[in-house]
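# Report on the structure
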Amino acid sequence: MATQATRPPTPIDNLPKAELHLHLEGAILPHTAVELAARHDVSLTPEDVAARYAYSDFRGFLETFKWVTSFLRGPEDYALITRNLAEELVKQNVVYAEITVSAGVMLRRTQNVEANFQAIREVAQSVPFSRLRTAWIFDATRQFGHDQAMEVARLAAKLQPSGVVAFGMGGDELAFPTVNFRPAFDYARQMGLHTVCHAGEIGGPESVREAIELLGAERIGHGIAVMRDEALANSLSTRRVVLENCLTSNLCTGALAKQTGNPAATLKDHPLPYFLKLGVPVTLSTDDPGLFHTDLLAEYSHAAALGLSKEQLVQLAEQSFLAAFVSPEDKRQMLVDFRAAVKSAGLV
Ligand SMILES: [Zn+2]
């Protein structure tokens, strides 16, 4: 897998960037996993972690996520991983990040979600990261059911004044009928939150339709199943529903192999260029950069390797600002800054 050190540079590298689909817990790098485990008297070697971080399908990925998050036991652990992630984002010139926090996992482990979140927020707002603006998405875990999803939505609503901007759902896309989660999404919206949902990652196009029509999701996590349904792609284009594409993630979890029906699928088979051709709004993200050995610069490099022009790469980067959950005034300012940077880099 290309890493920051080996990937070819792109014109996007030095531009200010936004990242919208990024899981805090999925950013745990192997050496941090060793450090977290040691805090809780579990001795791990880098080889142990490497073995755990090697999986070939989506179930294996979920198991790894469950395993690595088992070392997140209190606010100080969440503070550590937030610091590490914020350092990475600043290095990559990310100026705005909507970071997903798996509140569902915290509840499952009977942790104090509010205390964890306070620690996360304090780190993200500290002086070293003053150039990075952060907003938060509280994520329910689908396989934990609709009651827990409602509890996550309630916490998200309560913590809006602390920077939670959206309620979302991830986990096992094939668990439980989508309609079960409608009350939680309706509640979140009534409380003034935005809504997002993972769909069409390992599920089919109907999963994306349901996330939009039953849950009212404004942005779809992945949505690569839309490659199999041109009418749906055209409808997303017309309705301006955003697909948050994460290239390396889809390869690592086997989602791309599943959606293309080709077990040997490579990044070259990713539908990102097809979506752009049909005018579907797409953003580019890392999803779980620690678990997938990637970063945002590498993702842009992969997008360039798919044949995207310089203009398309700039358009892709701009879309992340356009789809951000910020006030219209803040969005306007972010876009002004982004376009000024594009201009001064000679990209227009
Ligand atoms: Zn995700």
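Preceding this paragraph is the structure being described.
Report follows, based on the coordinates. Source: prediction; values computed, not measured.

## Let's talk about the coordination of the zinc ion
All of the protein donors around the zinc ion are His21 (NE2), His23 (NE2), His198 (NE2) and Asp287 (OD); their distances to the metal are 2.1 to 2.3 Å. Classification of the site at the zinc ion as irregular follows from its 4 donor atoms and the range of 83 to 171° in their angles at the metal. When the donors of the zinc ion are listed by position in the chain, the intervening gaps give H-x1-H-x174-H-x88-D. With a gap of 175 residues between them, histidine 23 in strand S1 (residues 17–23) and histidine 198 in strand S5 (residues 194–199) connect regions that are remote in the sequence. Accessibility expressed as a relative area gives 7% for histidine 23, which makes it buried.

## A word on the pattern of salt bridges
Throughout the structure, instances matching the rule amount to 13 salt bridges. Arginine 133 is the salt-bridge partner of aspartate 330, the closest N and O atoms lying 3.0 Å from each other. Taken as a pair, aspartate 330 in helix H16 (residues 328–344) and arginine 133 in strand S3 (residues 133–141) lie far apart in primary sequence, 197 residues in all. With relative accessibility at 38%, the residue arginine 133 sits in the partly exposed group. In this structure, the salt-bridge partner of arginine 339 is glutamate 318, at a minimum N-O distance of 2.8 Å. Remark: glutamate 318 occurs in helix H15 (residues 310–322) and arginine 339 occurs in helix H16; sequence separation between them is 21 residues. Since its relative accessible area comes to 43%, arginine 339 is described here as partly exposed. Overall, the relative accessible area of 18% leaves glutamate 318 in the buried class. One network of salt bridges, with partners in common, ties together Glu98, Arg219 and Glu244.

## Section: helix H6 (residues 113–124)
In an α-helix, one turn spans 3.6 residues; hence positions three or four apart end up facing the same way. The terminal C-alpha atoms of H6, which comprises 12 residues, lie 16 Å apart, in line with the 16 Å expected from a rise of 1.5 Å per residue. Those residues of H6 not exposed but buried are Val113, Asn116, Phe117, Ala119, Ile120, Val123 and Ala124. In an axial view of H6, the angular spread of the buried residues amounts to 160°, which keeps them on one side of the axis. Those residues of H6 that are buried lie in contact with helix H4 (75–91), strand S2 (94–101), helix H5 (103–108), S3, helix H7 (146–158) and strand S4 (164–170). For H6, the capping residue at the N-terminal end is asparagine 112, with a side-chain oxygen 3.1 Å from the backbone nitrogen of glutamate 114.

## Details of the packing of aromatic side chains
In this structure the tally under the stated criterion is 10 aromatic pairs. Consider the rings of phenylalanine 167 and phenylalanine 185, whose centres lie 4.9 Å apart with planes at 65°: the pair is edge-to-face. Note that phenylalanine 167 is positioned in strand S4 and phenylalanine 185 in helix H8 (residues 182–190), a separation of 18 residues in sequence. For phenylalanine 167, a relative accessible area of 0% puts it in the buried group. Seen from the ring of phenylalanine 325, arginine 219 lies directly overhead, with NZ or CZ sitting 4.0 Å from the centre.

## Quick word on empty space enclosed by the protein
According to the stated counting rule, one finds 1 cavity of 30 Å³ or more in the structure shown. Considered as a void within the structure, the largest cavity measures approximately 90 Å³ in volume. Contributing to the lining of the largest cavity are 15 residues, with His21, Thr100, Val196, His198 and Glu244 lying nearest its centre. For the lining of the largest cavity, a count of residues per class yields 6 nonpolar, 6 polar and 3 charged.

What counts, and at which threshold
Residues numbered from 1 in each chain as written. Predicted model: local features only at pLDDT ≥ 70, side-chain atom pairs only at ≥ 80, totals over all residues. Heavy atoms only, no water. Donors = N, O, S within 2.8 Å, 3.2 Å for Na, K, Ca; no water. Tetrahedral: all angles 85-135°; square planar, octahedral: opposite > 155°, others 65-115°. Helix = DSSP H or I, 4+ residues; strand = E, 2+ residues; numbered from the N terminus. Buried < 20%, exposed > 50% of the residue type's maximum accessible area, 1.4 Å probe, protein only. Salt bridge = Lys/Arg side-chain N within 4 Å of Asp/Glu carboxyl O. Expected span 1.5 Å × (residues − 1). Arc of directions from axis to C-beta. Contact = heavy atoms within 4.5 Å. Polar contact = N/O pair within 3.5 Å; in protein donor to acceptor, adjacent residues only side chain to side chain. Phe/Tyr/Trp six-rings, centres within 6.5 Å; stacked < 30°, edge-to-face > 60°. Lys NZ or Arg CZ within 6 Å of the ring centre and 35° of its normal. 1 Å grid on protein atoms, 1.4 Å probe; cavity = no way out; pocket = protein on both sides within 12 Å on 5 of 7 lines; lining within 4 Å. Points joined across faces, edges and corners; volume = space filled by probe spheres on them. Nonpolar A, V, L, I, M, F, W, Y, C, P; charged D, E, K, R; others polar.

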